[in-house]
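# Survey of secondary and tertiary structure
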Amino acid sequence: MSRKHFKYIYGPVSSWRFGSSLGIDLLSQGEKVCSFDCLYCQLGKTKALRTKRKLYVPTKKVIQEIKALPGVQIDYITFSGRGDPTLAKNLGEVIKAIKKLRKEPIAVLTNSSLIYKKEVRAELALADLVAFKLDADSEKLLELINRPAKEIKFNNILKGIRQFRKTYRGKLALQIMLMQENKETVKNIAKLAKTIQADEIQLCAPVRPAQVLPLSRRTISALKRHFRGMKAISLYDVKRKKIRPINTKDTNLRRSNALNGG
Ligand code: SF4
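Here is what the cut-offs are and how they apply
Residues numbered from 1 in each chain as written. Predicted model: local features only at pLDDT ≥ 70, side-chain atom pairs only at ≥ 80, totals over all residues. Heavy atoms only, no water. Buried < 20%, exposed > 50% of the residue type's maximum accessible area, 1.4 Å probe, protein only. Helix = DSSP H or I, 4+ residues; strand = E, 2+ residues; numbered from the N terminus. Pairing = 2+ DSSP bridges. Right-handed = clockwise from strand over helix to strand, strands pointing away. Axes fitted to C-alpha atoms, helices over the stretch in contact; angles between N-to-C directions. Contact = heavy atoms within 4.5 Å. Nonpolar A, V, L, I, M, F, W, Y, C, P; charged D, E, K, R; others polar. Arc of directions from axis to C-beta. Salt bridge = Lys/Arg side-chain N within 4 Å of Asp/Glu carboxyl O. Core = buried A, V, L, I, M, F, W, Y, C linked by side-chain atoms within 4.5 Å.

### Overview of the pairing of strand β4 (residues 106-110)
When you tally the buried positions in β4, you get 5 out of 5 residues, the bulk of the element. Going residue by residue along β4, you find Ile-106, Val-108 and Thr-110 tucked away on one face and Ala-107 and Leu-109 tucked away on the opposite face as well. Where strand β3 (residues 76-79) and β4 come together, 3 bridges link them in parallel fashion. Across the sheet, the residue bridging to Phe-79 is Val-108, located in β4. Once the chain exits β3 it traverses helix α2 (residues 91-101) before rejoining the sheet at β4, and the crossover so formed is right-handed. For β4 and strand β5 (residues 129-133), the ladder comprises 4 bridges, and the chain directions are parallel. Among the inter-strand pairings, Ala-107 is bridged to a residue of β5, identified as Leu-129. The β-α-β motif built from β4, the intervening helix α3 (residues 118-124) and the parallel element β5 has right-handed crossover chirality.

Here it is as structure tokens:
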């Protein structure tokens, strides 16, 4: 398989959170598939909010690509891409299949919306690292920033993450997009993060063009102080590695969103 023929895997990208990160997009090659319509999303507006899990890309096809990977250095195999990976019904199945073939740790970046579902918690537990989006401290702010499907409720997200933490032995990270809209609430989000007992706090900013402007580096480092006593990193703390991706065009398509915490 030549470099340009990869359809479902992309990168590796140089990620400030995951080093050399090979991306897997279980959702699609085309339109975004998401339960949120975040203000800062790089993929444009979510045309139809989705909450029903279904099969988008057959496991066999992803595994064929994994088997055909050229010799590239990978720190993490990361499920992310054009939407929320937990909407893919075969997420757990693909994680299991990759674990049989590769030694690298597996990360999943999720918007947290479906963590209230038992089957999603069981599938995410197969990963070595799960990064949950937590941009809000209330239903009201979730609606303002993430604009979720109507059945997604803030309390269920929080409850789901807490329940997951009780038994999860991997690394649990919280990814928080900092912006004007939640600047005043970061203190409360930090309190929630403490009660969740996250292993790492990832402070993100919408650095690619979006409907919202990023806060300054100075403001972000001031906000970071709220997370004292926890391991918190921001996108400004880490120097990125230079990495050559296996497919530049498709990588750029998904990478911009992963950078913005999508
Ligand atoms: S940023 Fe991520 S979670 Fe938010 S709408 Fe875009 S793809 Fe969905």
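### A closer look at the packing of helix α5 (residues 154-167) against helix α6 (residues 186-196)
The geometry of a pair of packed helices is captured by two quantities: the angle between their axes and the separation between those axes. Two elements in contact, α5 and α6, have axes separated by 10 Å at closest approach and are oriented at 35°. Only Leu-192, Thr-195 and Ile-196 of α6 make contact with α5, whose side of the interface consists of Phe-154, Leu-158, Ile-161, Arg-162 and Arg-165. Residues of the contact of α5 with α6, tallied by class, amount to 5 nonpolar, 1 polar and 2 charged.

### Overview of α6
Those residues of α6 that fall on the buried side of the exposure criterion are Val-186, Ile-189, Ala-190, Leu-192, Ala-193 and Ile-196. The buried side chains of α6 occupy one side of the element, clustering within an arc of 160° when seen end-on. Structural note: α6 exposes Lys-191 and Lys-194 on the side pointing more than 90 degrees away from its buried face. Looking at the buried side of α6, the elements it contacts are α5, β6 (171-177), β7 (200-204) and α7 (217-224).

### What to know about the environment of Ile-115
Mapped onto the elements, Ile-115 comes out in the loop between β4 and α3. When the C-alpha positions of Ile-115 and Thr-86 are compared, they lie 8.5 Å apart, and in sequence the two are 29 residues distant. For Ile-115, the contacting residues outside a window of four places in its chain are Val-120, Arg-121, Leu-124, Phe-132, Ile-157, Gly-160, Ile-161 and Phe-164.

### Some words on the pairing of strand β2 (residues 19-24)
Counting buried residues along β2, 6 of its 6 residues qualify, which places the element largely inside the surrounding structure. Count of turn residues in the strand β1 (residues 9-15)/β2 antiparallel hairpin: 3 residues. Here β2 runs beside β3; their pairing, made up of 4 bridges, is parallel. Note that in β3 the partner of Ser-21 across the bridge is Tyr-76.

### Focus: the pattern of salt bridges
Side-chain pairing between opposite charges can occur once the charged atoms of the two side chains come close. Scanning the model with the defined rule gives 11 salt bridges in all. Taking the shortest distance from any N to any O, the salt bridge between Arg-165 and Asp-199 comes out at 3.0 Å. Taken together, the residues span a long stretch of sequence, with Arg-165 in helix α5 and Asp-199 in the loop between α6 and β7 at a distance of 34 residues. Of the charged contacts in the structure, one is a salt bridge between Glu-200 and Lys-231, with a shortest N-O distance of 2.8 Å.

### Examining the nonpolar core
Soluble globular proteins tend to pack their nonpolar side chains together in the buried interior. Core analysis: the largest hydrophobic core is formed by 80 residues, its most contacted members being Phe-79, Ile-201 and Phe-227. When residues in this core are grouped by element, the largest group, 6 residues, is from α6. Leaving out residues up to four positions away in the same chain, Phe-79 has contacts with Ile-24, Leu-26, Pro-85, Leu-91, Val-94, Ile-95, Ile-98, Ile-106, Ala-107, Val-108 and Leu-109. The next biggest cluster of nonpolar side chains, apart from the first, holds 7 residues, and it includes Phe-18, Leu-109, Ala-131 and Ala-173.

The quantities given are spatial measurements derived from coordinates; they are silent on function.
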